[in-house]
Amino acid sequence: MYPTSRPGTARAVGLLLGFGADRLLADPARWHPVSGFGRAAAACEKATYRDSRLSGALHAAVLVGVVGALGVVTARAAGQGGWAGEAGGTAIATWAVLGGTSLGRTGAAMAEHLAGDDLTDARELLPSLCGRDPSVLDARGITRATLESVAENTSDAAVGPLFWGALAGIPGLFAYRAFNTLDAMVGYRSPRYRNFGWAAARGDDVLNLLPARLTGALTVALAPAVDGSPRQAWTAWRRDAAGHPSPNAGVVEAATAGALGISLGGRTQYAHGIEMRPQLGSGRVPTPTDLRRAVRLSTAVQCGAACASAALAVAVGHLRFRRRPRG
């Protein structure tokens, strides 16, 4: 047993080290565990798919349950190494599930394509960010789609994993990322997935209720880092977020729109059809320059979330220590 005078610090240090690894190294170029989970989920879907919510719930429960159990086993193995083992195991797991740096690099690359009027490369890059049909989008539509994706995935790919890692350690990191990946794969309102993907989508909504609002709060607070307005960010969040079909994406997209002084939303075309999204924010149409600002804001929010999650991990550790029965 490592000393209990510093409860939670191993997890906190591990989260910060894993976040630092993601900033330095981004996603693994090969053998990415999230990609491996996606391939396993796709293979499993061939056996579990039925056009029903029950089948979708079974699909999600089996996959998330297996990943969560793997997280428990990994955490116990790491804990055998004491404080350093827990910190090291948490760091590796955090790096494996975070995607914030790759998100920022993709957003920055898209801004360069758009600034150079290179729509061919921009359309080829868009599917790595979102599920919209790039063939029907002009430069303005691709800019908006990318900016909305950067805002939403700042929460999904960075703040959410850090938050659940702070609360539940390695199992929290693994289970959260599994649910989030399933939502990205089957959580659509298409004819195929309207029923089958319901459980994955609703589970992801629940897990992101708090992380999305933490992301929104950090976006408001850090808006000056990109010459934005905290007041406008808060106003857009309060006024516009509830109109979005997602209870979480609406929060982060509205706050980002207000912080940058732009407008998001409108006609949104996916492979399965068209959705009309409410307007978020009350500013101008976004430009590639605004996309670069969004990437910088995302980076600032991720750094803030890493610090907040480390503090939360320490607080959770103290709470567990105080509740531990005295021998």
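Residues numbered from 1 in each chain as written. Predicted model: local features only at pLDDT ≥ 70, side-chain atom pairs only at ≥ 80, totals over all residues. Heavy atoms only, no water.

Before going further, it helps to spend a moment on empty space enclosed by the protein. Across all of its chains, the model carries 1 cavity of 30 Å³ or more by this definition. Taken as a whole, the largest cavity encloses approximately 70 Å³ of empty space. Counting only elements with at least two residues in the lining of the largest cavity, the list comes to helix H7 (139-186), helix H10 (209-222), helix H12 (249-260) and helix H13 (288-323). Tallied by class, residues from the lining of the largest cavity come to 6 nonpolar, 5 polar and no charged. (1 Å grid on protein atoms, 1.4 Å probe; cavity = no way out; pocket = protein on both sides within 12 Å on 5 of 7 lines; lining within 4 Å. Points joined across faces, edges and corners; volume = space filled by probe spheres on them. Helix = DSSP H or I, 4+ residues; strand = E, 2+ residues; numbered from the N terminus. Nonpolar A, V, L, I, M, F, W, Y, C, P; charged D, E, K, R; others polar.)

Residue position: Thr143 is located in helix H7. Sequence separation of Thr143 and Glu45 is 98 residues, and the distance between their C-alpha atoms is 33 Å. A distance of 2.8 Å separates the side chain of Thr143 from the backbone oxygen of Ala139, its partner in a polar contact. (Polar contact = N/O pair within 3.5 Å; in protein donor to acceptor, adjacent residues only side chain to side chain.)

On to helix H4 (residues 82-97), then. Every α-helical turn comprises 3.6 residues, leaving residues that sit three or four positions apart pointing alike. Counted at 1.5 Å a residue, the expected span for H4 with its 16 residues is 22 Å, and the 23 Å between its end C-alpha atoms agrees. Where H4 is concerned, the buried positions are Gly82, Gly85, Glu86, Ala87, Gly89, Thr90, Ala91, Ala93, Thr94, Ala96 and Val97. Those residues of H4 that are buried are in contact with helix H1 (9-25), helix H2 (33-48), helix H3 (53-79) and H7. (Expected span 1.5 Å × (residues − 1). Buried < 20%, exposed > 50% of the residue type's maximum accessible area, 1.4 Å probe, protein only. Contact = heavy atoms within 4.5 Å.)

Given a rise of 1.5 Å per residue, 16 residues ought to cover 22 Å, and the 22 Å separating the end C-alpha atoms of helix H5 (residues 100-115) matches this to within 8%. By the burial criterion, the buried members of H5 are Gly100, Thr101, Ser102, Leu103, Gly104, Thr106, Gly107, Met110, Ala111 and Leu114. A positive backbone phi angle near 55° is found at Asp117, which sits one or two residues after H5.

Moving on to the side chain of Thr146. Following the sequence through the fold, Thr146 ends up in helix H7. A distance of 2.8 Å separates a polar side-chain atom of Thr146 from the backbone oxygen of Ile142. The residues contacting Thr146, other than those within four sequence positions of it, are Gly107, Met110, Leu126, Leu129 and Leu291.

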